[in-house]
Amino acid sequence: MAVKCFHSFALHLLLVTIVIVIGGVNSEYIEYNTTPRIVPEKINVHLVPHSHDDVGWLKTVDQYYVGANNSIRGACVENVIESVIASLLDDQNRKFIYVEMAFFERWWRQQSNAKKVKVKKLVDSGQLEFINGGMCMHDEATPHYIDMIDQTTLGHQFIKREFGQVPRVGWQIDPFGHSAVQAYLLGAELGFDSLFFARIDYQDRAKRLREKTLEVIWQGSKSLGSSSQIFTGVFPRHYDPPDGFTFEINDVSPPIQDDPLLFDYNVQERVNDFVAAALTQVNVTRTNHIMWLMGTDFRYQYAYSWYRQMDKFIHYVNKDGRVNVLYSTPSIYTDAKYAANESWPLKTDDFFPYADKPNAYWTGYFTSRPAFKKYVRDLSGYYLAARQLEFLRGRSSSGPTTDMLADALAIAQHHDAVSGTQRQHVAADYALRLSMGYLQAEKLVASSLSFLSASKSSTDEKNSDTKFEQCPLLNISYCPASEARLSSGKSLVVVVYNSLGWKREEVVRVPVSSENVIVKDASGKELVSQILPLSDITLRIRKEHVKAYLGRSPKDTAKHVLAFTASVPPLGFSTYVISDTGRTGRGLSASYVTSGSLNQDVEVGQGNLKLLYSEEGVKMTRYLSTKNQVTAEQTYAYYIGSNGTDKDPQASGAYVFRPDGARPIKSEGQAQLTVVRGPLFDEVHQEFNSWISQITRVYKGKDHAEIEFTVGPIPADDGNSKEVITKFTTTMKTNGTFYTDSNGRDFIKRIRDFRSDWDLQVYQPVAGNYYPINLGIYMQDKTSELSVLVDRAVGGSSLEDGQIELMLHRRMLHDDIRGVGEILNETVCLPDGCKGLTIKGKFYVQIDKPGDGARWRRTFGQEIYSPLLLAFTEQEGDHWINSHKTIFSALESSYALPNNVALLTLQELENGEVLLRLAHLFEAGEDSEYSVMTKVELKKLFNNRKIRKVIETSLSGNQEKAEMEKRRLVWKVEGSAGEEVKRGEAVDEEELVVELAPMEIRTFLIRFDDHIDMVGEERAAT
Ligand SMILES: [Zn+2]
C-alpha cells in the first residue's frame, strides 16, 4: 500500500510540473467546450443524462416526488427536475431526457408562467426531451394492452397540450422482460423510431454481446408484418454508466480534478479510463456510435454534480481525440444509427421470461398481489364503460369525471405497481387512489344512466333524477341495493349496461334477501330465473371483508343469489325488475343439493361439456368434451418457495419464482361436494381443504366451464412460502408446445425448455417455463384444443405434454433480494387480528376442435374484460318502468359491430373532440371466418350525430397518422425484410367506413356538428 502511494505521489508531482511548464496555466476559469456534435469518422460516445424515477416502489409516488419518508430512501423527484432545469439553463449544450409524466405533471402545475416559458424553450431546443412519455414506465408482463394504451395516451396528451411535442423513443429501461405488444403497439404504432431497455435473460445477453446483436429490428406482430418493426437497443449491461462514471454527490467515482493547485490532478488518468470504457463497449456494438446511460434510479437530485463532470469529460476527452464524446439523447443516437445505413438482425416474439441468474427467473411477479391485479383489471373495464357513458351524456365541466380514475389507473400500470413488486404501504396507496377514482366515476356512471334513461316525453321533474346505486363488491356477494328487503308494493329496478359493440346475452347474479323473488323484463314478462344458496365460505368472506375494508358489518339479509339472463343491446342497456312474490317455496325447488361423499357417480352439464365426479374423484373435476372426446382433470397443488438456504441464497419472493418442489393439495377430512342444478346453469361446489374451494358452472347452451375459486388464507405456520397452482391434465399430445398471450392481445407460441434466440441451459425447469398470461393460455394437438382464459394477470405454463397450469396466489416468507426489501406476505386485518389474504376469482375452460378455439378466446375474452355493468334503483308499483326509457342502444337500430371488432375507446376530450379507437380482435390466420378485413360504419356507430371531421391519428392520438407515416424511419433488416401486410384504407369523408385488417387498431379524433340529440331513439326490444 505504501509503495503505491509513493508512486502516485511522484506521478502527481510530475504532472503538475508538466502542466505548469507547458501550458503556463495556473488555476483559473476554464471554459469547457461542450459543443461537440457527431464526428462521423470517429467513435462517438453519446452521453445520455437520465434519471429513472419509479412512480412508486419503496415509497409512494407523492413521497418520491416531494422527498418525504426519506428514511426509506433519500429520493426527491422535485429536486431532480428543479436542479436539472437550472443546469440546462446554464449551458445550452447540456441535455436531459424526462420519462415519467406523472412526476413532470406534478412539477409543472406549480410553476410560474415565467418559469414555464423558460422550460418550453428548453424543450423546443431539444435540450430537454420527453421520451416514452406515458404517465409511468409501465410493466410489460402484467398490464392489459388497453391499460398500456390509456396510460401512454394520458402522458402524450399532456406533452402535446403543454409543449406541442411528440415523443420519438420508447424507453422501457427497467421492466422485467419485454413484450411483443410493447414493441409494435406501444412502439411502432405510436410513431416511435426506436425502443431501448436493459433487462433481458442473462444467457441471451451473453450471446448478443458475443455476436454484436444487442441492437435489432424487432417485429412484434405476426399479423402486421414489416409495418410493426421498430429499431430496438438492449443495453450491454444495466441502465447505469460504465463503472467509475457515476457522479451523484455520494457516489464514489473519482471526479476529474483539473485544478493544478490542488492535489490529485487526474485529467489524463480519467481520460484514459473513459477511452478504455468506450473501446470495451465498441467491441460489442455495431457502427461507431455507442450510448452511455448517465444516470440511474432517482439521480440528478443535485444535477450539477453530474453535469460538471460530463462538461469536463467532453472537453478533455475530445482534446485527447481518440474518441468523440457529446451530450446526446436516445433520439440523436437513433438518428445516428439510422444514418449509418446498416442492416440489423430481425427479432420476433418477445423477451420473456427474464432471468438475471441461473436460479433467478423473474416469473413470480406474474402472479404477485393477485387481488390488486384483479382490482386494476376490474377498474380498467369500468373506466372504458364510464368514458362511453360520459360521451353519451356529454362531458360536463363541473364533473363528475373519469379523470381521477384515469390518473390512478395510469400509475397503477407502473413496473412496480400492477407487477406486485412494491412495498405494502405503496400497494395500499395505489389501491386508495383507485378507489377514490372509482367513486368519482361511479357518480358519473350513475348520473349518465339517469340521464339516458330519462324519457323525453315525461313532464315529471324527478324523471331525470334517478339515484342509481352500484355494487363494486358483487364479487363477494355484497350489494346493499339488491339485498334490501322489498317492502310491499316496492320492487328493485336493475339497469344492465353493455359496453361492447355487439348484443350480449349473459347470466347476471345478485344477492337477494328472499328466495321468493321473480324477475321481469321491461315489458313485464317474467323471466326464467334461478335461486341459489350463498355458501358458508362466501358468507364468511363477505362478512370479513366488508368489515375489514368498509368498517361495517353487513346485514345478515343476503341468503341467496338470484340469477337471470340479461339480454342487452350493443353500447346500451336493458332494464329488469325484481320483486318479491311473497309466495314461499318457489326458489330452491328448482335446484337440489347433495352433500358429503358420493354413493354414485355424478354428472353435471347438459351440453357438449360435462363435469364428472366419482367417489374417489371428489377432489378433482373431470371435464369431458363430448364433441371432441377429451377428458381434462383439474386439481390444485402448491410449490414450496425456496427459502434460499442452500448453495444459492436465491429465495422465491415478490419478483423471483424459485420453487422447491410441488405438493399436491391433500384432503382434510371428509370431502364436500354440493351439486346445484337449475334452468340456467348447473354448478358444483367443492371444498378441497380449509383454504381452497371452488364452484364450477356449466351454462345451458354454452360449451365452456366457469370456475370460481377461493384461495386463502394460505397457511404459513410451517414457515414455508407457498405458491398455489391449479392444473389441467389431459392425454393430449402437445409436443412441448403451448400458447400464451402478449398483454391480452397476440398469442405467442411457447416451447418448453426452448428459446428461439439461443441454446437454453435449463436450471429451473418450472420457473423458466413460466410466462405471463393476461387473456389466456391454450394448447392443441391433432384432434383438439384446450383453452383456459383468466380474469387478471397470472403466471402459467405447460410443464408436461397435455397439461396446463396457472399460478393463482402466493404467500412468500422471504425476500428475493431484488431491492424491495420486504416480504410479500399480504394479510387482511380484522379487530381480532390479521390473517393471510384470501382471493376470489374466475377462470374459464373450453375444449374445441383444433383451430376453433380462437373465436371463443377472442369474443368471450372481450366479455371477461368488459363485464355487464349493473345499476340499481327502487320503484313503487310500476312507476319507474312506465316513465323511463328501459332499453337503449347508442348505435343505429339493428346495427352492431362485427364479432371481430372491439371498441377500445370512446371518450369525449376536454376540447370537445371525441377519441375513438377500434380494434380488430383476431390475428391473421387465426380463424377461418373472422381473420379477414372487416368494416365499421361510423354513421351507424354514431347514431343521430353528424360527423364533421374524422382525423386518423397515432395510437396515442398525439399526431396525424399520415404525418407519422411520412416521418417514420424505415430500417434495413438482415435477410428478408419481412412481409408487407395490407391494412385498412384511409377513411372516406363521405362514406365514413373504417376498415380494419387482422390485429389492426385504428385511432381517430372526431368532430361532430353540435346540438344534435345525443340520445338514440328508443329501440324495439332486441
Ligand atoms: Zn424502476
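Conventions and cut-offs
Residues numbered from 1 in each chain as written. Predicted model: local features only at pLDDT ≥ 70, side-chain atom pairs only at ≥ 80, totals over all residues. Heavy atoms only, no water. Salt bridge = Lys/Arg side-chain N within 4 Å of Asp/Glu carboxyl O. Helix = DSSP H or I, 4+ residues; strand = E, 2+ residues; numbered from the N terminus. Buried < 20%, exposed > 50% of the residue type's maximum accessible area, 1.4 Å probe, protein only. Donors = N, O, S within 2.8 Å, 3.2 Å for Na, K, Ca; no water. Tetrahedral: all angles 85-135°; square planar, octahedral: opposite > 155°, others 65-115°. Contact = heavy atoms within 4.5 Å. Polar contact = N/O pair within 3.5 Å; in protein donor to acceptor, adjacent residues only side chain to side chain. Phe/Tyr/Trp six-rings, centres within 6.5 Å; stacked < 30°, edge-to-face > 60°. Lys NZ or Arg CZ within 6 Å of the ring centre and 35° of its normal. Pairing = 2+ DSSP bridges. Axes fitted to C-alpha atoms, helices over the stretch in contact; angles between N-to-C directions. Disulfide = S-S within 2.5 Å. Parallel < 35°, antiparallel > 145°, perpendicular 65-115°, else oblique. Left-handed = near helix turned anticlockwise from the far one by under 90°. Nonpolar A, V, L, I, M, F, W, Y, C, P; charged D, E, K, R; others polar.

A. Region of interest: the pattern of salt bridges. By the definition in use, this model includes 64 salt bridges. A salt bridge links D646 to R658, with the shortest nitrogen-to-oxygen separation between them at 3.0 Å. Here the residue D646 occupies a position in the loop between strand 23 (630-641) and strand 24 (659-664), and R658 occupies one in the loop between strand 23 and strand 24, the gap between them amounting to 12 residues. Under the relative-accessibility criterion, D646 is labelled partly exposed at 44%. Residue R857 is joined to E785 by a salt bridge in which the shortest nitrogen-to-oxygen separation is 2.8 Å. Pair noted here: R857 is in helix 17 (residues 853-865) and E785 is in strand 34 (residues 785-790), with a separation of 72 residues, a long-range link. Classification of R857 as buried rests on a relative accessible area of 2%. Through salt bridges with shared partners, a single network forms among R509, E683, R697, E706, E708, K840 and K842.

B. Fine view of the coordination of the zinc ion. Surrounding the zinc ion are the protein donor atoms H52 (NE2), D54 (OD), D174 (OD) and H415 (NE2), which sit 2.0 to 2.1 Å from the metal. Of note is the zinc ion, whose 4 donor atoms meet at the metal with angles of 91 to 164 degrees in an arrangement that counts as irregular. Look at H415 and you get buried, because its relative accessible area is 0%.

C. Here's a closer look at the environment of R395. Its location among the elements puts R395 in the loop between helix 12 (370-393) and helix 13 (403-412). For the pair formed by R395 and G821, sequence separation is 426 residues and the distance between their alpha carbons is 44 Å. The residues contacting R395, other than those within four sequence positions of it, are E390, D403, E908, L909 and E910. Polar contacts involving the side chain of R395 include one to the side chain of D403, which spans 3.3 Å.

D. Here's a closer look at the packing of aromatic side chains. All chains considered together, the criterion is met by 63 aromatic pairs. Both rings, one in F104 and one in W108, keep their centres 6.2 Å apart while their planes meet at 25 degrees; by these two values the pair is stacked. Linking F104 with W108, this pair stays in helix 4 (residues 101-108), spanning 4 residues, or about one helical turn. Each member of the pair F104 and W108 is classed as buried. Ring geometry for F176 against Y655: centres 5.5 Å apart, planes inclined by 75 degrees, an arrangement best described as edge-to-face. Highlighted residues: F176 in the loop between strand 4 (169-171) and helix 7 (180-184) and Y655 in the loop between strand 23 and strand 24, separated in sequence by 479 residues. According to the relative accessible area criterion, F176 is buried, its value standing at 2%. Connected via pairs of aromatic rings, a cluster forms that spans F96, F245, F247, F274, W292, Y300, W306, Y307, F313 and Y327. For the cation-ring pair, R857 lies above Y778, with the distance from its terminal atom to the ring centre recorded as 3.5 Å.

E. How the structure looks around the sheet that holds strand 6 (residues 215-219). The sheet built from 5 strands is open, its strands ordered 4-5-7-6-11 with mixed pairing. Every interior strand has two partners, whereas the edge strands, strand 4 and strand 11 (346-348), have only one. Taking the axes of each pair of neighbouring strands and ignoring which way they run, one obtains an average angle of 30 degrees across the sheet. In this structure, strand 5 (residues 194-197) lies alongside strand 7 (residues 229-234), joined through 4 bridges in parallel fashion. Among the inter-strand pairings, F196 is bridged to a residue of strand 7, identified as G233.

F. Expanded view of the state of the cysteines. Here the structure, examined in full by the defined rule, presents 2 disulfides. With its sulfur 2.0 Å from that of its partner, C829 forms a disulfide with C834. Linking C829 and C834, the disulfide has an S-S dihedral of approximately 105 degrees and is accordingly described as right-handed. You can call C829 partly exposed: its relative accessible area is 42%. The connectivity of the disulfide-linked cysteines in the protein chain, indexed sequentially, is 1-2, 3-4. With no disulfide of its own, C76 lies 20 Å from the sulfur of C136, the closest cysteine sulfur. By relative accessible area, which is 6% here, C76 ends up buried. Judged by relative accessible area, C136 falls into the buried class, the value being 0%.

G. Quick peek at the pairing of strand 23. Most of strand 23 is tucked away: 9 of the 12 residues are buried. When strand 22 (residues 621-625) meets strand 23, the two strands line up antiparallel, connected through 5 bridges. Residue pairing in the sheet places Y623 in a bridge with A632 of strand 23. Where strand 22 folds back onto strand 23 in an antiparallel hairpin, the turn is made up of 4 residues, including Q629, whose phi is positive at roughly 55 degrees. Alignment of strand 23 against strand 29 (residues 721-729), held across 9 bridges, turns out to be antiparallel. Bridging from a neighbouring strand, Y638 pairs with V724 of strand 29.

H. A look at the environment of T737. Relative to the helices and strands, T737 resides in strand 30 (residues 737-741). Distance in space between the C-alpha atoms of T737 and E800 is 9.4 Å, their sequence separation being 63 residues. Among residues more than four places away in sequence, those in contact with T737 are K749, R750, I751 and M779.

I. Representation of the pairing of strand 44 (residues 934-937) within the structure. Alternating positions in strand 44 separate cleanly, T934 and V936 being buried on one face and K935 and E937 remaining unburied on the opposite face. By the bridge criterion, 4 bridges tie strand 44 to strand 47 (residues 993-996) in an arrangement that is antiparallel. The residue bridging K935 from the neighbouring strand is E995, located in strand 47.

J. Inspection of the packing of helix 6 (residues 145-163) against helix 13 at higher detail. In contact at an axis separation of 9 Å, helix 6 and helix 13 are set at 115 degrees when each is read in the N-to-C sense. By the angle between their axes, helix 6 is roughly perpendicular relative to helix 13. Like other packed secondary-structure pairs, helix 6 and helix 13 cross with a definite hand, here left-handed. Along the contact surface, helix 6 presents D147, Q151 and L154, while helix 13 presents A406, D407, L409 and A410. By residue class, the composition of the contact of helix 6 with helix 13 is 4 nonpolar, 1 polar and 2 charged.

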